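# Secondary and tertiary structure notes
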Amino acid sequence: MATRDARGDRVAVRIRIGWAALAVGIAVVAVLPFFASDYLVGFFFTTFLFVSMAYGWNLVSGFTAYVSFGQMSFFGIGAYTLAILVSRNAWPWPIAVLAGTATAAVLAVPLGWAMLRLRGPYFALGMLGLTQVLAMVASAWISVTRGGEGIYLPPEATLRQLYYAGAALVAVAVVVTWAVDRSAFGLRLRSIGEDELAAEAMGVDTTMAKLASFVLASTFPAMAGGLYAWRLSYIDPASAFPAGYEVQTILMAIFGGAGTVWGPLIGGFLFTAVGEVLWAKFAEVHLLLFGVMILIVLLFLPEGIIPLLRRRRMRRRAPVGPAPIREEAA
Amino acid sequence: MTAPLLEVRDVSKYFEGLRALDGVSFTVEPGVILSIIGPNGAGKTTLFNLITGALAPTRGDILFEGRSILGLRPSRTARLGIGRTFQIVRPFPGLTTLDNVALAALAKVSTRRAAERRAERILELTGLAPFAQLEARNLTLAKRKRLEVARAVALEPKVILLDEVMAGLTPTEVDETIELVKKLRAMGIAAVAGIEHVMQAVKKISDHVVVLNFGKKLAEGPPSEVMRHPEVVKAYLGSQYAEAARKG
């Protein structure tokens with residue numbers, strides 16, 4: 001029993017350290033715009049957008065293992081809806097962002113219904129294709145989107161406002177993921193990620209669960225897209241459907257740990273911080289070094305940081321190794 | 001007369017002209033253990049896939065408590081009361097033993113906590129409680145098979161389809177599984193056990209036996225009677241043994 005008490009103490013200490021770190025992080029984020037340069041505030045704002053998109057990706061791909069390469073579809077839908085609304089009616093900027101998010105969620109229902117019929121790599125590529133189709137629609141539907149000319153937005157939202165909106169979006173993403181992780185819904189999503197056929201046999205309506213996660217996940221890039229549009233004060237097909245952001249978002253979530261609550265946050269911040277440092281110190285070869293780092297992570301840490309920490313803790317907790325696995329006699 | 005719990009009515013399933021099942025009929029009464037025996041390829045797993053709705057039959061009808069369940073997806077039949085285990089075990093490898101069972105319990109309760117409480121009781125019943133926090137991938141084959149049964153029990157089914165739960169187990173593990181199946185019967189859960197080889201288990205647990213061979217029903221009846229049936233002996237051991245069996 002003594003060991004159990006000691007273990008309980010260790011866990012309690014770790015939890016307290018975690019809460020303390022979180023409190024410090026929130027305090028820093030809250031006061032940062034009053035001290036930091038616009039450059040740094042802008043850098044944090046961008047990081048918030050990426051982190052929240054990593055959370056969105058995590059909700060659909062981390063939990064259900066339906067790996068999406070097309071979350072930027074909703075980024076673009078959010079950005080364009082907002083830009084179109086604002087260019088025709090003078091909507092206050094937060095309302096326009098929410099309207100873009102709602103539109104993306106509504107469109108995610110039929111899109112998800114169609115796309116989730118695909119599995120594995122077909123789903124991933126299908127989503128990639130969806131983003132490209134939407135970018136082409138944005139280019140061609142000139143009467144509404146003004147095509148390649150793009151739409152200018154009035155400089156209504158200040159950087160500081162956008163910064164706090166981005167921070168709030170990250171907070172919402174963390175809380176939603178935390179709640180999903182503990183919920184019945186989260187367990188259903190995980191079971192789909194583990195074995196969809198078995199999940200269905202255990203009474204999980206896999207179609208509905210996947211669709212729900214798809215729609216929920218669409219709202220985060222949509223909102224990020226809206227905030228991004230305000231930051232640029234301009235939107236065109238290339239900026240609304242930025243292909244490179246997709247990969248970056250996915251790497252952040254994987255870096256931290258797909259399917260975990262804190263993975264996208266930690267992965268996102270580490271990823272952008274490392275990228276920034278490499279850029280500042282090794283301007284000429286920073287992309288090369290960054291690429292090498294990504295390779296190293298994917299090769300040696302494919303499950304990400306959080307599962308690695310968790311596993312180390314498990315090993316310490318259980319001195320007796322796991323029961324030997326006997327292979328199936330086929 | 002009330003309708004049987006489960007009725008398979010003249011069911012056929014063709015795969016590209018291959019007759020996996022051909023006009024098979026039988027009924028399962030509440031609380032009864034029915035064994036479906038037959039050599040590899042006889043159609044046992046196909047039959048289970050038809051009953052759960054994972055596949056649609058080419059012809060025929062399947063009734064549960066008197067109503068046709070054709071066209072229902074597996075999650076619906078699972079919630080109606082048809083649990084199943086898989087021949088190639090497929091517990092959720094990355095979930096803990098507890099979460100594996102809690103997931104199935106969610107078919108009956110709505111909160112995660114209530115599902116976990118229910119799962120804890122079922123783990124006690126099935127002897128898996130010591131492994132509750134272990135990821136399922138770390139369990140032995142026997143325990144993974146047992147976990148599959150536990151998961152199916154968590155659905156609170158009226159009937160469980162057990163696909164080869166005995167195969168590949170040591171004699172001791174087979175005995176433990178037999179005890180488990182008897183426990184289910186004591187709980188009022190009917191079982192349909194697909195069994196290829198483990199004949200002593202068939203004798204010990206079955207109230208009724210259906211023999212399949214090449215997708216057709218070969219014989220049906222109480223276990224002792226069916227096992228002596230010349231056609232059955234022939235299907236299993238070859239005709240010379242059938243001759244010997246007849247001579248006594």
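Residues numbered from 1 in each chain as written. Chains lettered and ligands numbered in written order. Predicted model: local features only at pLDDT ≥ 70, side-chain atom pairs only at ≥ 80, totals over all residues.

### Looking at unusual backbone geometry
All names here are of chain B. A positive phi angle is found at Glu-156, which is not glycine, with a value near 50°. Checked against the element boundaries, Glu-156 lands in the loop between helix H5 (141-154) and strand S7 (159-163). Phi at Glu-164 takes a positive value of approximately 55°, unusual for a residue other than glycine. Inspection of the secondary structure assignment puts Glu-164 in the loop between S7 and helix H6 (171-186). (Helix = DSSP H or I, 4+ residues; strand = E, 2+ residues; numbered from the N terminus.)

### A closer look at the sheet that holds strand S3 (residues 33-37) of chain B
Residue and element names in this part refer to chain B. Spatial ordering of the open sheet is given by S6-S7-S8-S3-S9-S10, a layout of 6 strands whose pairing is mixed. Looking at strand neighbours, the two that pair on one side only are strand S6 (82-84) and strand S10 (216-221), the edges of this open sheet. On average, adjacent strands in this sheet sit at an angle of 20° to one another, irrespective of strand direction. Where strand S9 (residues 208-213) lies against S10, 5 bridges are found, and the strand directions are antiparallel. Bridge pairing in S10 links Leu-212 to Lys-217. (Pairing = 2+ DSSP bridges. Axes fitted to C-alpha atoms, helices over the stretch in contact; angles between N-to-C directions.)

### Describing the packing of helix H3 (residues 72-88) of chain A against helix H10 (residues 206-232) of chain A
All names here are of chain A. H10 packs onto H3 with a crossing angle of 45° between their chain directions and a minimal axis gap of 7 Å. Relative to H10, H3 is oriented oblique. Classified by chirality, the crossing of H10 by H3 is right-handed. Of the residues in H10, those touching H3 at Met-72, Phe-74, Phe-75, Gly-76, Ile-77, Gly-78, Ala-79, Leu-82 and Ala-83 are Ser-218, Pro-221, Ala-222, Met-223, Ala-224, Gly-225, Gly-226, Tyr-228 and Ala-229. Here the residues of the contact of H3 with H10 are counted per class, giving 13 nonpolar, 5 polar and no charged. (Parallel < 35°, antiparallel > 145°, perpendicular 65-115°, else oblique. Left-handed = near helix turned anticlockwise from the far one by under 90°. Contact = placed C-beta atoms within 7 Å. Nonpolar A, V, L, I, M, F, W, Y, C, P; charged D, E, K, R; others polar.)

### Thoughts on the sheet that holds strand S1 (residues 6-15) of chain B
In sheet architecture, strand pairing relies on hydrogen bonds along the backbone and comes in two forms, parallel and antiparallel. All names here are of chain B. Ordered by their spatial adjacency, 4 strands build an open sheet running S2-S1-S4-S5, and the pairing between neighbours is antiparallel. The two strands at the open ends of the sheet, each matched to only one other strand, are strand S2 (18-28) and strand S5 (67-68). As judged from the 2 bridges shared by strand S4 (residues 59-64) and S5, these two strands associate in the antiparallel manner. Directly across from Leu-63, in S5, lies its bridge partner Ser-68. Of the strands in this sheet, S1, S2 and S4 touch helix H1 (residues 44-52), which is tilted by about 65° from S2.

### A few points about the confidence of the model for chain B
All names here are of chain B. For chain B, the average pLDDT comes to 88, and 95% of its residues sit at 70 or higher. Of all the helices and strands in chain B, helix H10 (residues 239-247) carries the lowest mean pLDDT, 59, while helix H3 (residues 97-105) carries the highest, 95. Our summary of model confidence lists the complex with pTM equal to 0.86 and ipTM equal to 0.86. (pLDDT = per-residue confidence, 0-100.)

### Things to note about the interface of chain A and chain B
With 23 residues of chain A at the interface, the matching set in chain B holds 32 residues. Taken together, the elements giving at least two residues each to the side of chain A that touches chain B come down to helix H8 (184-194) and helix H9 (196-201) of chain A. For the side of chain A that touches chain B, the element with the most residues is H8(A), which contributes 6 residues. Counted by class, the side of chain A that touches chain B contains 10 nonpolar, 4 polar and 9 charged residues.

### A short note on the nonpolar core
In summary, soluble globular proteins display a tendency toward joint burial of nonpolar side chains. Ranked by size, the top nonpolar core spans 159 residues in total, and within it Met202(A), Val101(B), Ala104(B), Val159(B), Ala191(B) and Ala193(B) carry the most contacts. Examining the composition of this core, we find that 13 residues originate from one element, helix H2 (residues 38-64) of chain A, more than from any other. Excluding residues within four positions of it along the chain, Val101(B) makes contact with Ala119(B), Ile122(B), Leu123(B), Ala150(B), Arg151(B) and Ala154(B). (Core = buried A, V, L, I, M, F, W, Y, C linked by C-beta atoms within 7 Å. Buried ≥ 20, exposed ≤ 12 C-beta atoms within 10 Å, placed from the backbone.)

### Describing the environment of Ala138(A)
Residue and element names in this part refer to chain A. The topology assignment puts Ala-138 in helix H5 (residues 120-140). Residues Ala-138 and Gly-76, 62 residues apart in the sequence, show an inter-C-alpha distance of 9.0 Å. Among all residues touching Ala-138, those that are not within four sequence positions of it are Gly-76, Tyr-80, Thr-145, Pro-237 and Ala-240.

### Here's the deal with H5(A)
Residue and element names in this part refer to chain A. Between its first and last C-alpha, H5 extends 31 Å over 21 residues, near the 30 Å set by a 1.5 Å rise per residue. Among all positions in H5, only Phe-123, Met-127, Leu-130, Thr-131, Leu-134, Ala-135 and Ala-138 are buried. The arc that holds the buried residues of H5, viewed along the axis, is 130°, so those residues lie on one side. Among the exposed residues of H5, those pointing more than 90 degrees away from its buried face are Pro-121, Tyr-122, Met-136 and Ala-140. In this structure, the buried residues of H5 make contact with H3, helix H4 (93-115), helix H6 (142-145) and helix H11 (237-240). (Expected span 1.5 Å × (residues − 1). Arc of directions from axis to C-beta.)

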